[in-house]
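Take a look at the letters that make up each chain.
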Amino acid sequence: MAFNLTRRRFLQSASLAAVSVPLAKVVSAETGLVESPLEAKGSLKEETVPGGVCEMCFWRCQLVGKRREGRLIKLEGNPKSIDNGSQICARGNAGIQLLYDPDRLKYPLKNVGERGNPVWKRISWDEALTECTTRLKGVIDKYGPQGISVFPHGSTAKYPMHFFERTVGTHNVSEASFFQCRGIRDTAYLATIGKAPGEKVDMPNAKAILLVGSHIGENIHVSHVKAYIQGLQNGAKLIVVDPRYSASAAKADIWVKIKPGTDTAFLLAIMNYLVQNKKFDADFIDNYADGFDEFAAGIKDWTIEKAAAECDVPAAQIKEVAELLAANAPHVSVHPGRHVSWYGNDFQRQRSLACLTALLGAYYVKGGWVPGKGPKVGGISWAKHDHGVEHNLNYDEDEERRYPYSPPGTPTELIRDAALTGKPYPIKGCVIWGQNPIQTIPGQEKMKEVLKQMDFVMCVDVMPTDATMWADILLPEVSYLERYDHIQTGTQWDFSEKNQQYIAARMPLVEPMFERKDQVFITNAIATGLGHKEEIPVQTAEEMVEKNLAVAGLSLKQLREEGGIHIQEGKDPYGVPEDFEVRLYNEDIEDYGFPGVPTYIPVEQPPAGYARLLYGRVPVHTFNRSQNNAWLHQAMPSNPVWINDETAKKMGLKDGDTVGLINSEGFKSRTTTTVKVTPGIRKDAVYMAHGYGSTNPLLSVAVNSGVDDQSLITKIAVDPETGAHGMRNNFVKLIKDDKVLDIPA
Ligand SMILES: Nc1nc2c(c(=O)[nH]1)N[C@H]1C(S)=C(S)[C@@H](COP(=O)(O)OP(=O)(O)OC[C@H]3O[C@@H](n4cnc5c(=O)[nH]c(N)nc54)[C@H](O)[C@@H]3O)O[C@H]1N2
Ligand SMILES: Nc1nc2c(c(=O)[nH]1)N[C@H]1C(S)=C(S)[C@@H](COP(=O)(O)OP(=O)(O)OC[C@H]3O[C@@H](n4cnc5c(=O)[nH]c(N)nc54)[C@H](O)[C@@H]3O)O[C@H]1N2
Ligand code: SF4
Ligand SMILES: [Mo]
């Protein structure tokens with residue numbers, strides 16, 4: 001779709017974003033020169049407001065806002081920041097366009113049409129909240145609190161999520177950040193080193209960096225990218241394992257063009273090589289590791305040759321990688337990854353990364369994995385009640401966990417299956433808050449069925465996205481630029497340079513507009529309606545932030561005086577703690593019936609005529625949430641499908657040809673895109689950016705732009721240890737001029 005900034009829309013956004021200034025040019029009294037109104041001195045005072053924290057993605061860079069006459073005209077990195085500094089990314093910069101997007105939700109809406117095909121009627125907050133509470137109460141009275149499901153994501157979703165979990169008492173909460181993103185990583189590292197790893201590997205000081213499927217440069221988190229670039233500038237060798245020539249592969253010393261889904265085999269062979277050739281850090285292993293013998297025995301069959309065949313990578317290259325890692329140990333950043341929900345065999349791969357880090361002795365050393373923890377602040381929210389495990393879908397009749405290494409919440413698929421079967425109990429209420437389950441969770445049609453059978457669906461969002469089309473009541477939230485919420489803490493982005501920590505609270509940069517309300521207002525009103533008034537922990541979001549800051553001995557006033565960020569001395573991040581323990585072999589995992597030594601579980605390969613569908617990030621968008629942002633849309637309006645050049649030639653496809661996609665289960669893309677013909681992808685895979693192809697007609701910029709990858713991800717894989725989703729198990733063909741084209745091997 002072309003960039004459709006219509007005249008009406010342009011005038012709307014211009015009038016909102018470009019400040020209410022007289023359009024006539026201004027003649028300066030001093031110089032006699034004609035100046036543009038925006039530069040006219042004295043006519044408009046510009047103020048810089050500190051205290052912003054970005055949430056165009058979840059890295060939460062610190063901002064200052066430039067404001068004129070109460071309107072925000074520009075966002076910049078907070079120069080006081082020791083994290084992102086004065087830098088922000090394209091998405092952070094475009095936050096202004098979200099703030100003033102004329103398509104944004106403005107008033108509470110009631111769906112007087114059908115779910116999925118809504119007809120919206122504007123209603124008052126009173127009416128909306130009364131309807132939410134009566135209908136949620138109806139579900140709770142009939143089915144119990146467990147009849148409510150919650151699909152939350154982002155900083156404002158925590159407060160309502162805690163209310164439903166801790167006070168109302170439902171376990172049925174599925175957070176996107178856990179079950180479709182990084183949950184597997186966190187629990188696999190917990191099972192190996194006792195800690196969730198985060199991403200703060202000490203890349204600036206690394207002599208080698210290993211990225212397995214992380215594509216930094218397209219995946220943008222400002223301070224993380226800074227650390228990575230600093231490492232490369234300092235001469236770190238870069239190894240990138242990716243079936244695609246990603247932005248990081250383009251900077252790599254070694255690009256391992258791996259067969260999708262086989263990474264664990266690759267890692268096992270490297271570890272086996274290090275063990276067999278005594279190229280691992282024996283002192284570190286002696287001091288800190290458990291179960292080395294079982295581990296070594298368990299991986300011994302993984303010769304380089306065996307992995308080469310499995311991964312479709314030259315044996316010499318695997319050996320080269322192993323040698324390079326050993327030669328630079330312990331100063332190696334083995335990146336733990338972030339979006340690791342790939343195939344449904346991912347817990348074992350994440351365990352492998354944690355074990356490899358140990359073999360290299362690369363914990364708590366310069367250039368290795370170093371915990372980048374910020375200072376402690378409070379976590380005031382709804383009081384925790386223990387509701388037992390009786391209605392927890394993750395526990396079986398014997399009170400054993402079905403998915404023993406599940407991240408917090410309940411695995412999405414357990415919630416959906418219960419909702420669809422009514423077993424072990426019905427799930428009839430749904431609260432969607434800052435998540436887009438239609439485009440975030442695989443099995444889109446299944447998700448729609450789940451939502452259809454609900455008695456009541458409420459959704460709190462800022463934009464009319466595809467998920468909001470399934471709501472009965474749709475509530476408009478203030479954006480991250482207009483509210484108090486999250487307290488961001490962290491360390492100096494390059495902690496070897498300066499050992500500092502920071503605390504930054506999100507404060508509004510601008511007054512809210514229209515009838516938008518924040519999370520505390522909405523949740524408290526619902527809590528009151530449901531009879532929990534006495535348990536309300538705070539009256540306003542500002543009070544919540546104030547109380548959480550108080551735990552660190554700070555106040556909002558002090559934070560403002562300090563330019564929005566409090567900086568203090570940090571702790572030395574290096575040096576292995578005495579009680580640190582790495583469980584190379586973990587018998588608990590084995591007791592649960594899973595491999596206690598990292599193990600490769602092969603995945604299905606594409607049938608003849610099909611290629612595997614892969615997806616990932618683009619630098620200028622965040623998932624689906626930024627798709628209607630006019631500036632970002634202009635930068636990348638569609639998501640071309642990458643296809644190997646030799647394959648394309650055999651298929652008669654040219655770069656830029658318009659195509660649709662169809663998967664092996666018969667699901668067809670609703671829209672089309674173009675092909676990107678490139679040698680930078682394997683022949684057995686195609687690739688596209690995630691988040692495109694919105695169908696909500698109220699998104700005047702994003703609607704029908706590009707193809708929704710999720711509409712093609714219909715084979716649902718669930719990681720057996722964690723219950724998190726794997727999403728790269730679908731195989732597709734292309735459709736051109738209504739003809740379905742086989743993709744040759
Ligand atoms: N196919 C596929 N699926 C994926 C991924 C993928 O790469 N491919 N990535 C996975 C990963 S890593 C993640 S983290 C998840 C992300 O999953 P989501 O967080 O669900 O993704 P978004 O598209 O950002 O949708 C978030 C919703 O929050 C709304 N929103 C934005 N700001 C606010 C706010 O301030 N308040 C409220 N109430 N709502 C707000 C947006 O308008 C949008 O409707 O997706 C996962 N799913
Ligand atoms: N610009 C931007 N930056 C973001 C986000 C965003 O939406 N936009 N989202 C943020 C969030 S929440 C997350 S979780 C991260 C996600 O960022 P990453 O953790 O880097 O995850 P993806 O974007 O899913 O990674 C996709 C990469 O994995 C490769 N790949 C696919 N299959 C395989 C395989 O089998 N093996 C290997 N080795 N590689 C494979 C793809 O070719 C692609 O290069 O990005 C964060 N940063
Ligand atoms: S990385 Fe970009 S979008 Fe994410 S928080 Fe920072 S500035 Fe915002
Ligand atoms: Mo994510």
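Analysis parameters
Per chain, the residues get numbers from 1 upward, laid out in the order the sequence is written. Numbering of ligands from 1 and lettering of chains from A proceed in the order in which they are written. Local features are withheld for residues below a pLDDT of 70 in this predicted model, meaning they are given only at 70 or higher, and side-chain atom pairs are given and counted only at 80 or more; totals for whole chains, interfaces and linings count all residues. Side-chain metrics in this entry use all non-hydrogen atoms of the structure; hydrogen atoms and water are not considered. Each aromatic pair joins two rings of Phe, Tyr and Trp (for Trp, the six-membered one) with centres within 6.5 Å, and gets the label stacked for planes under 30 degrees apart, edge-to-face for over 60, and tilted for any other angle. By the criteria applied, helices consist of DSSP H or I runs no shorter than four residues and strands consist of E runs no shorter than two, each listed in order from the N terminus. The criterion for a charge sitting over a ring is simple: Lys NZ or Arg CZ within 6 Å of the ring centre, and within 35 degrees of the ring normal. UniProt positions are given in the numbering used here, feature names are shortened, and annotations may be inferred rather than shown by experiment. Definitions used throughout: a 1 Å grid over protein atoms alone; a cavity as a set of points that fits a 1.4 Å probe which cannot get out; a pocket as an open set with protein on both sides within 12 Å along at least five of seven lines; a lining residue as one with an atom within 4 Å of a point. Grid points are joined across faces, edges and corners, and a volume is the space filled by probe spheres set on the points. Amino acids are sorted into nonpolar (Ala, Val, Leu, Ile, Met, Phe, Trp, Tyr, Cys and Pro), charged (Asp, Glu, Lys and Arg) and polar (every other residue, Gly among them). Using a 1.4 Å probe on the protein chains alone, a residue whose accessible area is under 20% of its type maximum counts as buried, one over 50% counts as exposed, and one in between counts as partly exposed. Think of the arc as the fan of directions from the helix axis to the C-beta atoms. Any two residues whose heavy atoms approach within 4.5 Å are treated as being in contact. One requirement defines pairing of two strands: DSSP has to find at least two bridges between them. Note on definitions: angles span 0 to 180 degrees between N-to-C directions of axes, and those axes are lines fitted to C-alpha atoms, for helices only across the stretch in contact. Nonpolar core, defined: a set of buried Ala, Val, Leu, Ile, Met, Phe, Trp, Tyr and Cys residues in which side-chain atoms within 4.5 Å join the residues together. For this purpose, a residue is taken to be near a molecule or strand whenever a single non-hydrogen atom of the residue falls within 4 Å of it. What qualifies as a polar contact is a pair of N or O atoms within 3.5 Å, subject to a donor-acceptor requirement within protein and to the restriction that residues adjacent in sequence count only when both atoms come from side chains. In this description, accessible areas are obtained by the Shrake-Rupley approach with a 1.4 Å probe, and a residue is regarded as covered only by the protein chains that are shown. Where each domain starts and ends comes from a domain assignment, either automatic or drawn from a database.

Draft legend 1. How the structure looks around the packing of aromatic side chains. Evaluation of the coordinates by the stated rule reveals 20 aromatic pairs. Judged by centre distance (6.1 Å) and plane angle (85°), the rings of Tyr107 and Phe514 are edge-to-face. Within this pair, whereas Tyr107 is found in the loop between α3 (95-99) and β6 (109-111), its partner Phe514 is found in the loop between β18 (500-505) and α17 (519-529), the two being separated by 407 residues in sequence. Taken together through their ring pairs, the aromatic side chains of Phe284, Tyr288, Tyr363, Tyr364, Trp369 and Phe580 make up a single cluster. Against the face of Tyr107 rests Arg122, its NZ or CZ located 3.4 Å from the ring centre. A cation sits over an aromatic face here: Lys517 above Phe521, 4.9 Å from the ring centre.

Draft legend 2. Expanded view of the UniProt feature "domain: 4Fe-4S Mo/W bis-MGD-type" (unreviewed entry) in the chain. Per the UniProt record, "domain: 4Fe-4S Mo/W bis-MGD-type" (unreviewed entry) is annotated on residues 47-103. Secondary structure content for residues 47-103 is 16% helix and 37% strand, and the end C-alpha separation is 27 Å.

Draft legend 3. Fine view of the layout of surface pockets. As a volume, the second largest pocket reaches approximately 260 Å³. In this structure, the second largest pocket is lined by 19 residues; those nearest its centre are Glu482, Arg483, Tyr484, Pro512 and Asp518. At the level of secondary structure, the elements contributing two or more residues to the lining of the second largest pocket comprise α17 and α18 (541-550). Its residues assigned to classes, the lining of the second largest pocket shows nine nonpolar, two polar and eight charged.

Draft legend 4. Geometry of helix α11 (residues 304-311). Taken as a whole, α11 has its buried residues at Ile304, Ala307, Ala308 and Cys311. Down the axis of α11, the smallest arc covering the buried residues is 105°, so these residues share one side. In α11, the exposed positions that point more than 90 degrees away from the buried face belong to Glu305 and Ala309. Against the buried residues of α11 lie α8 (263-276) and α12 (315-328).

Draft legend 5. Main features of the sheet that holds strand β5 (residues 71-77). The strand order across the open sheet formed by three strands is β3-β4-β5, and the pairing between neighbours is antiparallel. Of all strands in the sheet, those with a lone pairing partner are β3 (46-53) and β5, marking the two edges. The sheet shows a mean angle of 30° between the axes of neighbouring strands, taken without regard to direction. Two elements, strand β4 (residues 62-68) and β5, share six bridges in a ladder whose sense is antiparallel. Within β5, the position partnered with Val64 by the bridge is Glu76.

Draft legend 6. Representation of the nonpolar core within the structure. The biggest cluster of nonpolar side chains holds 114 residues, and the ones touching the most others in it are Phe266, Phe295, Leu356 and Tyr363. With ten residues, the top contributor of residues to this core is α8. Setting aside chain neighbours within four positions, we find Leu356 in contact with Leu210, Leu267, Ile270, Met271, Leu274, Leu325 and Val334. In this structure, Ile123, Leu136, Ile140 and Met544 belong to the second largest nonpolar core, which totals 46 residues.

Draft legend 7. Examining unusual backbone geometry more closely. Cis rather than trans, the peptide bond between Ala329 and Pro330 has omega equal to 5°. With respect to the secondary-structure elements, Pro330 resides in the loop between α12 and β13 (332-334). Of note in the backbone geometry, Asp312 takes a positive phi value of approximately 55° without being a glycine. Residue placement: Asp312 occurs in the loop between α11 and α12. Given the relative accessible area of 45%, Asp312 is considered partly exposed. The phi dihedral of Glu399 is positive, around 60°, even though this residue is not glycine. As for its position among the elements, Glu399 is in the loop between α13 (346-359) and α14 (412-421). Owing to a relative accessible area of 53%, Glu399 belongs among the exposed residues under this scheme.

Draft legend 8. Spatial organisation of the side chain of Thr491. Examined against the element boundaries, Thr491 turns out to sit in strand β17 (residues 487-491). Contact partners of Thr491, with chain neighbours within four places excluded, come to Ile82, Lys200, Gly372, Lys373, Gly374, Gln500, Gln501 and Tyr502.

Draft legend 9. Representation of the environment of Leu556 in the model. Structurally, Leu556 is set in helix α19 (residues 556-561). Residue class for Leu556 comes out buried when judged on its relative accessible area of 1%. As for Leu556 and Thr170, which are separated by 386 residues in sequence, their C-alpha atoms are 33 Å apart. Excluding its chain neighbours within four sequence positions, the residues that come into contact with Leu556 are Tyr484, Ala505, Met507, Glu542, Val545, Glu546 and Leu549.

Draft legend 10. The site of ligand 2, seen in detail. The immediate surroundings of ligand 2 are formed by 33 residues, with His215, Asp242, Asp263, Tyr343 and His621 found nearest. Within the backbone of Glu218, one N or O atom sits 3.2 Å away from a nitrogen atom of ligand 2. Here a nitrogen atom of ligand 2 sits 2.8 Å away from a polar atom, N or O, in the main chain of Val618. Element by element, the count of residues in the shell around ligand 2 is highest for strand β21 (residues 611-616), at three residues.

Draft legend 11. Broad picture of the environment of Asn663. Position of Asn663 relative to the elements: it lies in strand β23 (residues 658-663). Assessed through its relative accessible area of 2%, Asn663 is described here as buried. Other than its neighbours up to four places away in sequence, Asn663 contacts Tyr610, Leu712, Thr714, Asn730, Phe731 and Val732. For Asn663, the side chain forms a polar contact with the side chain of Thr714, separated by 2.9 Å.

Draft legend 12. Quick peek at α17. Along α17, the residues classified as buried are Gln519, Val520, Ile522, Thr523, Asn524, Ile526 and Ala527. Looking at the packing, one finds that the buried side of α17 touches α4 (125-143), α5 (158-168), β14 (429-433), β15 (456-461), β16 (473-476) and α18. Regarding α17, its N-cap is Asp518, as a side-chain oxygen of that residue lies 3.0 Å from the backbone nitrogen of Val520 further along. Trailing α17 by a residue or two, Gly531 shows a phi angle of about 90°, which is positive.

Draft legend 13. The arrangement of the site of ligand 1 in detail. Taken together, 28 residues surround ligand 1, and among them His153, Thr440, Asp461, Glu477 and Arg625 come closest. The separation between an oxygen atom of ligand 1 and a polar side-chain atom of Arg483 is 2.8 Å. Within the side chain of Asp709, a nitrogen or oxygen atom sits 2.9 Å from a nitrogen atom of ligand 1. In the complex, the protein chains occlude 96% of the 920 Å² of accessible area that ligand 1 would expose alone. Listing elements by their share of the shell around ligand 1, those giving two or more residues are α6 (176-193) and β15. The greatest single-element share of the shell around ligand 1, amounting to three residues, is contributed by α6. In the shell around ligand 1, the residues fall into ten nonpolar, twelve polar and six charged. Split by domain, the residues of the shell around ligand 1 number at least three in each of domain 2 (109-179 + 377-477 + 509-551) and domain 4 (611-741).

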